[in-house]
Amino acid sequence: MSFPVPVPGAIVWCHFPTREIRARGIKPRPGLVLAVGDSKEGVVMVKIAYGTSRKVTELHRGEFAITPADGEAYLASGLSLATKFNLSETLELPYTEKWFSVPRNARHGQNPMLGFLHASLYKRAAAALAGKS
């Protein structure tokens, strides 16, 4: 199965690899798509930022959070828990079933899409990308 190509700003369900082992992560988690491109083999590659619902109130340089307090922006994200994204921890991964999966409550059809980064959060994400958060 091939998924529809995501766009930058999409929040997707990703099996982000562990640091120790460059293998598919066991637990899927939200990932923020930062860039989309093609590899030489014709496989869509995405640059993705790591997301976690742990220690969301402890933001470090390069991180920003999306929480229920963000109202419409939180709803647009498709997240079920407050989540922080680490824009300092990114990888380029093939957009395939090895690394991405369909979430349990798929709102966008049979693809990894959870939601998207709402325009009201662009400045927050840009500050994290610049390492100012």
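Residues numbered from 1 in each chain as written. Predicted model: local features only at pLDDT ≥ 70, side-chain atom pairs only at ≥ 80, totals over all residues. Heavy atoms only, no water.

(A) Structural view of the side chain of S101. Following the sequence through the fold, S101 ends up in the loop between strand 5 (83-94) and strand 6 (113-116). Classification of S101 by relative accessible area gives buried; the value is 17%. At 3.0 Å, the side chain of S101 and the side chain of H15 are in polar contact. (Helix = DSSP H or I, 4+ residues; strand = E, 2+ residues; numbered from the N terminus. Buried < 20%, exposed > 50% of the residue type's maximum accessible area, 1.4 Å probe, protein only. Polar contact = N/O pair within 3.5 Å; in protein donor to acceptor, adjacent residues only side chain to side chain.)

(B) Up close: the packing of aromatic side chains. For the structure on display, the rule yields 4 aromatic pairs. Ring geometry for F3 against Y95: centres 5.8 Å apart, planes inclined by 65 degrees, an arrangement best described as edge-to-face. Within this pair, whereas F3 is found in the segment before strand 1 (10-14), its partner Y95 is found in the loop between strand 5 and strand 6, the two being separated by 92 residues in sequence. Overall, Y95 belongs to the buried group, its relative accessible area being 8%. Centroid distance Y95 to F100: 4.7 Å. Interplanar angle 55 degrees. Geometry classified as tilted. The buried category is assigned to F100, whose relative accessible area is 1%. Members of the aromatic cluster, connected to one another through ring pairs, are F3, Y95 and F100. (Phe/Tyr/Trp six-rings, centres within 6.5 Å; stacked < 30°, edge-to-face > 60°.)

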